[in-house]
Amino acid sequence: MSGGTRLENANPLIFERSGERLLTVADEDEDVADPIDDREIFDLIRSINDPEHPLSLEELNVVEQMRVNVNDEESTVSVEFTPTIPHCSMATLIGLSLKVKLLRSLPDRFKIDVHITPGTHASEDAVNKQLADKERVAAALENSQLLEVVNQCLSTRSM
Amino acid sequence: MKGALELLQRVSAHADACCWYVAWNPAGTLLASCGGDRAIRIWGKEGDSWECKCVLADGHQRTVRKVAWSPCGKYLASASFDATTCIWKKTDDDFESLTVLEGHENEVKCVAWAPSGNLLATCSRDKSVWIWEVDEEDEYECVSVVNSHTQDVKHVVWHPTQELLASASYDNKVCIYKEEDDDWECRATLEGHESTVWSLAFDPEGRRLASCSDDRTVKIWKESTAGDGSTDESWKCVCTLSGFHGRTVYDVAWCRLTGALATACGDDGVRVFREDPTADSEQPVFFMSAHVPKAHGQDVNCVSWNPKEAGLLATCSDNGEFAIWKYSSDS
């Protein structure tokens, strides 16, 4: 999508992926309902592709498990994401991809909040406000070109 | 004045999509709903239950965000994310598309008919408010485009008796418009909300305006005129209802028959507020009379009082449902 133009962040720092989740006895027990926890949400979002680089959001440290907060009982999820540079123009698109992934994966009862890690982006208030406005998000996703770009970020590659 | 909200019926109106808005016709006999499935549905009562009377499916290419009935009840206007506003004319048992109003650059967020029936207002993410005139031959003409907001305009509402319009915006402000020399202009800007203002409602006499916001409050505004009779119009916030709503308040409705104030909230709840009759009218006091915490399984987008039957309330939600409630209080 950025075609032949220069990448904004040509040499990003790459982080190591965390390993697979270790299953406990309770996890394997069919009779016990598993509450949705931080790790489960993180597993949903870690492999989302960055729009510019052939890397995942986890590898770029845009998302980290410690910045995910789930409260299954209250049906709330909060995800903080850190753009790689403070003037990243892809911040809204990354936020939208995170939001869409969670909207498509979680039960309808969940209230999903996606925002920028405070202090890490020049326009964080403006970006956060757009991401929090469900009418704006719904209208944006009716734009087929934008939806295509989001779907590309969400398309799975080999893990 | 403790009250209660009793659920009468729940209807799955828009399958696999959000139900964004519901509106009663002026006679209170029909309910129009619209949603993310791009359709408008008209519901009427058959015996004890609400049934779908007709479906208006081909009017829009994208989400239908709001619908509004004309004061005479013969026309329906629909505002869509496809940047158009469609005007429908009611025939015996159906609706036909009369005309499509174009002009906004992007999503139309709201459409409202003036009480006279001759004027229509629309607003959009393009930050503008358009005023349209209707003549006797059902011809629509845009007479004013007003750009007073700096962001997405979410809602427009007409005063119940005067030719006065109010708009609510993503820029956290409310604007009041009046006609001056054949042109509509912004006469007052109401500041105070700390985030997007989603909806507005005038009280039955049109003396006060209620606004609801993403800042989780509802504000009541009153026009204060200078004592010397000058036309300096300023609206002051005379009451703020805070601490009641857990998330964004998406809609507010002021009942013409009882004066009760209902709200639709992103915490899935529906609330009804009543005014304390002993309080000073310059400093009104509202208290919460009824609250249904999980009125729907998802966000409540709209709340609408039936114009003829006191206490009858319709609400709708992101889960595609609408619900009919009976509000009663022991006052």
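Everything quoted here is computed from the prediction, not taken from an experiment.

**Student:** Now, about the pairing of strand E7 (residues 75-80) of chain B: what can you tell me, with residues and values included?
**Tutor:** Residues and elements named next belong to chain B. Counting buried residues along E7, six of its six residues qualify, which places the element largely inside the surrounding structure. Burial along E7 is two-sided: the face carrying Tyr75, Ala77 and Ala79 and the face carrying Leu76, Ser78 and Ser80 are both buried. Relative to E7, strand E6 (residues 64-69) is paired through five bridges, and the arrangement is antiparallel. Across the sheet, Trp69 pairs through a bridge with Leu76, a residue of E7. Count of turn residues in the E6/E7 antiparallel hairpin: five residues, of which Gly73 carries a positive phi of about 80 degrees. In this structure, E7 lies alongside strand E8 (residues 85-90), joined through five bridges in antiparallel fashion. Note on E8: the bridge partner recorded for Ala79 is Thr85. Between E7 and the antiparallel strand that follows it, E8, lie four residues; Ala83 among them carries a positive phi value of about 75 degrees.

**Student:** Any chance you could break down the side chain of Lys219(B) for me, citing the residues and the numbers?
**Tutor:** Residue and element names in this part refer to chain B. Mapping Lys219 onto the fold places it in strand E20 (residues 218-225). With no salt bridge to any partner, buried Lys219 finds its closest opposite charge in Asp215, at an N-O distance of 5.6 Å. Reaching out from Lys219, the side chain makes a polar contact with the side chain of Thr240 at a distance of 3.1 Å. With near-sequence residues (within four places) excluded, Lys219 lies in contact with Gly192, His193, Leu209, Ala210, Ser211, Cys237, Cys239 and Thr240.

**Student:** Talk me through the environment of Ser70(B); I want residue IDs and the actual numbers.
**Tutor:** Residue and element names in this part refer to chain B. Examined against the element boundaries, Ser70 turns out to sit in the loop between E6 and E7. Using a relative accessible area of 2% as the deciding quantity, one classes Ser70 as buried. Distance from Ser70 to Asp138, taken between C-alpha atoms, is 12 Å for residues 68 residues apart in sequence. When neighbours within four sequence positions are excluded, Ser70 is seen to be in contact with Pro26, Tyr75 and Trp113.

About the cut-offs
- Residues numbered from 1 in each chain as written.
- Chains lettered and ligands numbered in written order.
- Predicted model: local features only at pLDDT ≥ 70, side-chain atom pairs only at ≥ 80, totals over all residues.
- Heavy atoms only, no water.
- Buried < 20%, exposed > 50% of the residue type's maximum accessible area, 1.4 Å probe, protein only.
- Helix = DSSP H or I, 4+ residues; strand = E, 2+ residues; numbered from the N terminus.
- Pairing = 2+ DSSP bridges.
- Lys, Arg positive; Asp, Glu negative; His and termini not counted.
- Salt bridge = Lys/Arg side-chain N within 4 Å of Asp/Glu carboxyl O.
- Polar contact = N/O pair within 3.5 Å; in protein donor to acceptor, adjacent residues only side chain to side chain.
- Contact = heavy atoms within 4.5 Å.

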